[in-house]
Amino acid sequence: MPGDLPSLLEATQESLVGQFRVWNEPAFRANQVLDWVFKRRVRSFDEMTNLSRVLRTKLAEAYVLRTMEFASVTGSKDTTRKYLFKLRDGRYVETVLIPANPALYGEKSDRLTLCVSSQVGCAYDCKFCASGLAGFTRNLTAGEIVEQVIAVEELAADRIDNLVFMGMGEPLANFTNLLTAVTVLNSPQGVGIGARHMTVSTSGVAPNIRKLAEFPLQVRLAISLHGATDEVRDKIMPVNRKYPLKVLFEALQHWYELRKQHLTFEFILIEGVNNSLDQARHLAKLARPLRAKVNLIPYNTVDGLAWERPSEARQEAFLDVLLNAGVVATLRREKGHDIAAACGQLRLKQETAEGIIESPIPEKRITIGAA
Ligand code: SAH
């Protein structure tokens, strides 16, 4: 977005102090600004009343405080809510608020979880997912990632205490912006969400899993596995051809050794594709050495794709194979399915004369789903 000023919502303390040094302003002023931005959540520079008028003007010429416009919300107050925001370039991004979320990690909790998007569209082309149907448009800036949290907190008048990077996009393909966003979201001078309450989910971008392992903040990692052999994974996730299971699991081993932290494997159950009990046995073999937890997710239907979820009996049988093999596993009862806010249902939006519509599915994709 050439010509657009950067958002203060992506200012780490370090970067802002650096800028203030260039401006010959003392570091404590930068901290005052961060306090206005992240603690008091002001929406204009004029509200920063302990700063001189000159400094406020300087800030207003260098930064903006908000870049997104609230477009709509679907869902009700006590269920999953899907927020749609319009970005500065007219594109749209969705963010999903998930109240009390025992389903995700099995614990009883009254936590408020936010599922944030990291890109507009997605380039990874997983065959079952709505997010990649219309291809990739662009990375979100770090500011746009952080602003989803700030904006939903404002709209919902509540604090978010758990974040999952499981919205639209591949977070590890927008790596630099992801790390900046995580830094700001975690910082006590920023949004202040504990790193252990943030989960980055990836389709398996192995080199960046290694890099993330070395990132000092202890964020959690979830892998969208969805196939326990290369044969199955190759068919449904093109990323597997670039980083096959061997390469992926070397990176996960590296993560496990450095972090001593359990991983989560997400595994969608798709009828006739990856739900054989043989897949379950392979999955158990992959999960056990890493002590990974497996989240089984019955496939969420996507309009225009012909994939289906297996019967409940098969879902349970698949789960039993894992449990009997000593793997910690749960069968997820998805939220937000009815408002197309569940995993894999977030879809590129575009504005037309008739209003905001979902991007059409390219002709060639409609049949692939029936594989
Ligand atoms: N690109 C990252 C982040 C997106 S997370 C990743 O792949 O992990 C979104 C999750 O929803 C992923 O686990 C994805 O595989 C899953 N998903 C995609 N389509 C789905 C569908 N139709 N039903 C259930 N889960 C789906």
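What comes next is a walk through the structure. (Residues numbered from 1 in each chain as written. Predicted model: local features only at pLDDT ≥ 70, side-chain atom pairs only at ≥ 80, totals over all residues. Heavy atoms only, no water.)

**Describing the site of the ligand**
Here comes step 1: Ser 201, Ser 224, His 226, Tyr 299 and Asn 300 are the nearest of the 20 residues found near the ligand.
Here comes step 2: Between a nitrogen atom of the ligand and a main-chain N or O atom of Gly 169, the distance comes to 2.9 Å.
Here comes step 3: The separation between an oxygen atom of the ligand and a polar side-chain atom of Glu 266 is 3.5 Å.
Here comes step 4: Taken together, the elements giving at least two residues each to the shell around the ligand come down to strand 8 (198-202) and strand 10 (264-269).
Here comes step 5: Taken together, the residues of the shell around the ligand break down into nine nonpolar, nine polar and two charged. (Near = heavy atom within 4 Å. Polar contact = N/O pair within 3.5 Å; in protein donor to acceptor, adjacent residues only side chain to side chain. Helix = DSSP H or I, 4+ residues; strand = E, 2+ residues; numbered from the N terminus. Nonpolar A, V, L, I, M, F, W, Y, C, P; charged D, E, K, R; others polar.)

**Notes on the packing of helix 5 (residues 142-156) against helix 6 (residues 175-186)**
Here comes step 1: One can describe the packing of helix 5 onto helix 6 by two numbers: an axis separation of 8 Å at closest approach and a directional angle of 40°. Classified by the angle between their axes, helix 5 and helix 6 sit oblique to one another. In this structure, the crossing between helix 5 and helix 6 has a hand that is right-handed. Residues Ala 142, Ile 145, Val 146 and Val 149 of helix 5 form the contact with helix 6, whose own contacting residues are Asn 177, Leu 178, Thr 180, Ala 181, Val 184 and Leu 185. (Axes fitted to C-alpha atoms, helices over the stretch in contact; angles between N-to-C directions. Parallel < 35°, antiparallel > 145°, perpendicular 65-115°, else oblique. Left-handed = near helix turned anticlockwise from the far one by under 90°. Contact = heavy atoms within 4.5 Å.)

**With respect to the pattern of salt bridges**
Here comes step 1: Scanning all chains against the criterion turns up 12 salt bridges.
Here comes step 2: A salt bridge links Glu 154 to Arg 43; its shortest N-O distance comes to 2.6 Å. Taken together, the residues span a long stretch of sequence, with Glu 154 in helix 5 and Arg 43 in the loop between helix 2 (27-39) and helix 3 (53-62) at a distance of 111 residues.
Here comes step 3: Overlapping salt bridges bring together Asp 89, Arg 91, Arg 138 and Glu 144 as one network. (Salt bridge = Lys/Arg side-chain N within 4 Å of Asp/Glu carboxyl O.)

**Some points on the pairing of strand 2 (residues 81-86)**
Here comes step 1: Within strand 2, five of the six residues are buried, which leaves the element mostly enclosed by the surrounding structure.
Here comes step 2: For strand 1 (residues 69-74) and strand 2, the ladder comprises five bridges, and the chain directions are antiparallel. Along strand 2, the bridge assignment pairs Thr 74 with Lys 82.
Here comes step 3: As consecutive antiparallel partners, strand 1 and strand 2 are separated by six residues, and within that stretch Gly 75 has a phi angle of approximately 105°, a positive value.
Here comes step 4: Note that strand 2 and strand 3 (residues 92-98) share six bridges and pair antiparallel. Among the inter-strand pairings, Leu 84 is bridged to a residue of strand 3, identified as Glu 94. (Buried < 20%, exposed > 50% of the residue type's maximum accessible area, 1.4 Å probe, protein only. Pairing = 2+ DSSP bridges.)

**Observations regarding the sheet that holds strand 2**
Here comes step 1: An order of 1-2-3-4-7-8-9-10-11-12 is seen for the 10 strands of this open sheet, with the pairing classed as mixed. Looking along the sheet, the strands with just one partner apiece sit at the ends: strand 1 and strand 12 (329-331). Neighbouring strand axes in the sheet, compared pairwise and without regard to direction, differ in orientation by 20° on average.
Here comes step 2: Here strand 4 (residues 113-115) pairs with strand 7 (residues 162-165) via three bridges, running parallel. In the sheet register, Thr 113 faces strand 7, and the bridge partner there is Asn 162.
Here comes step 3: The sheet contacts of helix 5 involve strand 1, strand 2, strand 3, strand 4 and strand 7, and relative to strand 2 the element is tilted by about 120°.

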